[in-house]
Amino acid sequence: MKTYNKTSILLVEEDLELRNTISESLNAVDYKVYAVRKSIEGLDYFKKYDIDVCILDVEMTGIDGFALAAQIRILNPDMPIIFLTSKVLLVNILQDFEYGFDDYLTKPFTNEELLLRIKAVLHRAEKKDSFTYSLSGEKINIGRFVFDAKNMLLVLDGKEQPLTRKEAALLKVLYDNKNDLVTRKKALKMIWGNSDYFIGRSMDVFIARLRKYLKADPNVKILTVHGVGFRLVITEPVAVD
């Protein structure tokens, strides 16, 4: 429920001194900051307010930053998330984070560094919105499914599965190139307008979700060509005499 034009940031940081320091630095450059100590408070604020960026402490007691991010991404799969950690996290650790991430900072860090990271994820989020693949057109049959791209629905036997805009756009790109390879770079450029590493990790999350939705029809599969891209394979069911 945003009643102002400021960018809203949810900060969930257990350390009081650091939380106050970050809040003051962000308020000083005209961001609207909601700063809380615990994940449960952070989730409540995320549901209550119109948030543009989340900054989450990883090593919180109880529900940690990864678990909180997973809950946030269920509510909004495209929400930009920056993790804060006191540990030197290797990139491959973050790669295993199921719900994706946009950036991270290792403590200690400067206010200037944090501001640059926030500007970068906001810029990427703006490009994501502006480059989303066209979702107009007729309803499409994908195996047993009916894909209503315009209304972002995947329908099977009358049961509707709502899709996010990025899920629908990605499925449309795959369908438009069905049975052919769609390179990661091509998909990222067509849907997000950018093929950088962090956006690529988000795309992997959407691919996993689409596979989950489509598994009800064994004749429809999204295959991974490792290191290259994906193929939507639609096969005809075998007739039984």
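You'll find the structure just up there.
Residues numbered from 1 in each chain as written. Predicted model: local features only at pLDDT ≥ 70, side-chain atom pairs only at ≥ 80, totals over all residues. Heavy atoms only, no water.

**Student:** I tried to follow the packing of aromatic side chains on my own but got confused; where do I start?
**Tutor:** Two descriptors summarise a pair of aromatic rings, namely the distance from one centre to the other and the angle between the planes of the rings. Within this structure, the stated rule accounts for four aromatic pairs. Arranged with centres 5.6 Å apart and planes meeting at 40 degrees, the rings of Y45 and Y49 form a pair that is tilted. If you follow K178 out to its NZ or CZ, it ends over the ring of Y175, 4.4 Å from the centre. (Phe/Tyr/Trp six-rings, centres within 6.5 Å; stacked < 30°, edge-to-face > 60°. Lys NZ or Arg CZ within 6 Å of the ring centre and 35° of its normal.)

**Student:** Would you mind going over the environment of L75 with me for this structure?
**Tutor:** The topology assignment puts L75 in helix α3 (residues 65–75). For L75, a relative accessible area of 46% translates into the label partly exposed. Distance from L75 to K47, taken between C-alpha atoms, is 8.4 Å for residues 28 residues apart in sequence. Those residues within four positions of L75 in sequence are excluded, and the remaining contacts are L43, F46 and K47. (Helix = DSSP H or I, 4+ residues; strand = E, 2+ residues; numbered from the N terminus. Buried < 20%, exposed > 50% of the residue type's maximum accessible area, 1.4 Å probe, protein only. Contact = heavy atoms within 4.5 Å.)

**Student:** I'm lost on the sheet that holds strand β11 (residues 220–225) in this one. Help?
**Tutor:** Sheet strands line up and pair through hydrogen bonds in the backbone, either parallel or antiparallel. Read across the open sheet, the three strands follow the order β10-β12-β11; overall the sheet is antiparallel. A strand with exactly one partner marks an edge of an open sheet, and here the two such strands are β10 (181–183) and β11. For this sheet, the mean inter-axis angle between neighbouring strands, taken without regard to orientation, is 25 degrees. Relative to strand β12 (residues 229–234), β10 is paired through three bridges, and the arrangement is antiparallel. (Pairing = 2+ DSSP bridges. Axes fitted to C-alpha atoms, helices over the stretch in contact; angles between N-to-C directions.)

**Student:** Would you explain the packing of helix α2 (residues 39–48) against α3 in this entry?
**Tutor:** Between two packed helices, both the angle of their axes relative to each other and the distance between the axes serve to describe the pair. In the contact formed by α2 and α3, the axes pass within 10 Å of each other and the chain directions differ by 15 degrees. The angle between α2 and α3 falls in the class roughly parallel. When you trace α2 past α3, the crossing you get is right-handed. Along its contact with α2, which presents S39, L43, F46 and K47, the element α3 presents L68, Q71, I72 and L75. Classifying every residue of the contact of α2 with α3 gives five nonpolar, two polar and one charged. (Parallel < 35°, antiparallel > 145°, perpendicular 65-115°, else oblique. Left-handed = near helix turned anticlockwise from the far one by under 90°. Nonpolar A, V, L, I, M, F, W, Y, C, P; charged D, E, K, R; others polar.)

**Student:** Sorry, what's going on with the pattern of salt bridges here?
**Tutor:** One side chain can pair with another of opposite charge once the charged atoms of both are near each other. In this structure the tally under the stated criterion is eight salt bridges. A salt bridge links D57 to K107; the shortest N-O distance between them is 3.1 Å. Here D57, found in strand β3 (residues 53–57), pairs with K107, found in the loop between β5 (103–106) and α5 (111–130); they are 50 residues apart in sequence, far enough to count as distant. The exposure class assigned to D57 is buried, which follows from its relative accessible area of 2%. (Salt bridge = Lys/Arg side-chain N within 4 Å of Asp/Glu carboxyl O.)

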